[in-house]
Amino acid sequence: MYHFPCYLIPDTYKMNRWNPTIINAPSDISADETFDLKGEICPYTFVKSKLMLEMMESGQILQVIVDNDESATNVPKSLTNEGNTVLGTEKINETDWMITVRKK
Amino acid sequence: MLGFTNEQIYRYSRHIILPDVGGAGQKKLLKAKVLLIGAGGLGSPTAMYLAAAGVGTLGIVEFDTVDLSNLQRQLLHRTQDVGRPKIDSAQDTINALNPDVRVVKHKVVLDSTNVMDIIKDYDIIVNGTDNFPTRYLVNDACVFAGKPLVDGSIFMFEGQATVYDAAHDGPCYRCLFPTPPPPGEVPSCQEAGVLGVLPGIIGSIQAIEVIKLILGKGDSLKGRLLLFDAMAMEFREMKIEKDPHCPVCGEHPTITELIDYEQFCGVPFPAAPELLEPELVLV
C-alpha cells in the first residue's frame, strides 16, 4: 500500500472528517415513520432512508436512527440535495443520532 | 423491506442514489423486458450492462456457436465456451453476474414466420445483428409491432447508434435506407475486420439508451444517428427525420408484410449520400 507523505495530506484529512451539523428538531414534531438504521453504514443509510421516503406521502415526516458520525454528516446533506427538508440532526445518546426529515 | 430484498438494495445502491433513478426507477428496470437480437460483439456489452443494471427479463435471439475468432470482442463468451451454443454461454455469464435476471433463450434463425411472435412479449428491442436481411426484418417487425428499436452497427474502426421508434414520430431504418442492394454488391463481413473494443463502445451506448427508455428519462437517440470514429476519437451526430414516403412507416406504405431477403453482408448507404463510407456490420 502506498502512503502519502504527510506534507501532501491536507489538514482537513488529518482531522475528524465527520462533523454532523447539529439541528434541534422542533419539539412539536411527530414522526409518521421511524426507521432504525443502526449497524448500517454509508451510503446505505441514505439509500434506505431514500427508499423509505419514496414509500411515504409528500409532507410526511420520517425519523431515522443512525449510529455513526459519517452517516449523521452525510445523510442529512443527501436528503437535502434531493429536495427534502431536514428538520433535525440530534445526538440521542453516546453513539446514536436521530435525523428528522420532511418529504418534499 | 422497502420493496427490495436487502441484497438488491446493496446491489443497486449506486442506481438508487441517482435522483433520476431512485427506488421507483430501479423497480421499472426489474420489471422491464428487453430483447437482444444477437449475443455477439454488440449484444455482449449490452447484455452485461443491462443484466448488471437489473433489467428483469433479457430475451436473446442467437443460433450460432462460439468460435475462437469471436473472443476478440464478444465478452459474453470464454475460451472454454468455444463450440458451445452462444445462447448457453450468454445465459451462464449473465446469471453469474446477476441471478435476478431471467434469461429467455430464442435459439432460432429470425425470419418472417417467427419474428412477430418473438418480439411481442418485449418492451424494447436491441439490434446487434451482423447481417442486413435480419436488420431489415427486425426494423419492419418493430414498425408493425410499434416497438422501439435500439440500433447499433460497427465496421472496422467506426460505429453508429440510434433509436428507431416509428410509433412515436421517430424514423425507422427504411426512412434512411429504403431498400437493400442486390446481394453480391457488398464485401464479405469476414474480410473487413473490426476493432475489438468498438462494439464495447457502441453496445454500451445501446445499453444506456435502453435504460433511458425504461426510466423515461433523458433525450434518446430517436431522430439522431450518433457516429463514432475510433481512429479520430470523435463523435459526430446526424439528424435523421421520419420520411413521409418511407416504404414501411410512411403515409402510404408499400411494404405491408415481412420480407425474407437473401443472405448478404453489407450495403452502401443508398439514401444518405452525405455519408460516403459504406456501412458494413460485423458483430
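Think of each chain on its own: its residues are numbered from 1, step by step along the sequence as written. As they are written, the chains are lettered A onward and the ligands numbered 1 onward, keeping that order. Thresholds applied to this predicted model are a pLDDT of at least 70 for local features of residues and 80 or more for the giving and counting of side-chain atom pairs; totals over whole chains, interfaces and linings are not thresholded and use all residues. Remark: hydrogens and water are excluded; side-chain values derive from all non-hydrogen atoms of the structure.

A. Structural detail: the pattern of salt bridges. All names here are of chain B. One speaks of a salt bridge when a side-chain nitrogen belonging to Lys or Arg is within 4 Å of a carboxyl oxygen belonging to Asp or Glu. Scanning the entire structure with this criterion turns up 15 salt bridges over all chains. For E7, the salt bridge is made with R11, and the minimal N-O distance between the two is 3.8 Å. A residue pair is termed a helical-turn pair when its members lie 3 or 4 positions apart in one helix, as E7 and R11 do in helix 1 (residues 6-11) at four residues. Judged by relative accessible area, which is 53%, E7 ranks as exposed. Notably, a salt bridge pairs K120 with D117, separated by 3.0 Å at the nearest N-O pair. Sharing partners across several salt bridges, the network here consists of D81, R84 and D92. To qualify as a helix, a DSSP run of H or I must reach at least 4 residues; to qualify as a strand, a run of E must reach at least 2; elements of each kind are numbered from the N terminus. Summary of the burial criterion: residues with accessible area below 20% of their type's maximum are buried, those above 50% are exposed, and those between are partly exposed, where the area comes from a 1.4 Å probe applied to protein chains only.

B. The sheet that holds strand 1 (residues 33-37) of chain B, seen in detail. Residue and element names in this part refer to chain B. Strand pairing requires that DSSP identify at least two bridges connecting the strands. As summarised here, the arrangement of the eight strands in space is 3-2-1-4-5-6-7-8, forming an open sheet in which the pairing is mixed. Two strands in the sheet have a free side with no partner beyond their single neighbour: strand 3 (102-106) and strand 8 (234-239). Each strand of the sheet is rotated relative to its neighbour by a mean of 15°, with strand direction disregarded. Note on contacts: a residue pair is in contact if any heavy atoms of the two residues lie within 4.5 Å. In this description, a line fitted to the C-alpha atoms serves as the axis of each element, helices being fitted only across the stretch in contact, and the angle between N-to-C directions of two axes falls anywhere from 0 to 180 degrees. The sheet strands contacting helix 7 (residues 132-145) are strand 1, strand 4 (124-127) and strand 5 (149-155), and the helix crosses strand 5 at an angle near 165°.

C. Up close: the interface of chain A and chain B. On the chain B side, the residues contacting the 13 residues of chain A number 16 residues. Three residues stand out in chain A for area buried against chain B, namely Y44, K48 and L51 of chain A, and they jointly supply 40% of the buried area on that side. Counted as a polar contact is a pair of N or O atoms within 3.5 Å, where, for protein atoms, one must be capable of donating a hydrogen and the other of accepting one, and residues adjacent in sequence contribute only when both atoms are in side chains. The tally of links between chain A and chain B comes to eight residue pairs in polar contact (both at pLDDT 80 or more). Per-element accounting of the side of chain A that touches chain B gives the leading share, eight residues, to helix 2 (residues 44-54) of chain A. Partitioning the side of chain A that touches chain B into residue classes produces eight nonpolar, no polar and five charged. A quick way to say it: buried area is the sum, across both parts, of accessible area lost when two parts are put together, with a 1.4 Å probe. Charged means Asp, Glu, Lys or Arg here, nonpolar means Ala, Val, Leu, Ile, Met, Phe, Trp, Tyr, Cys or Pro, and polar covers whatever is left, Gly included.

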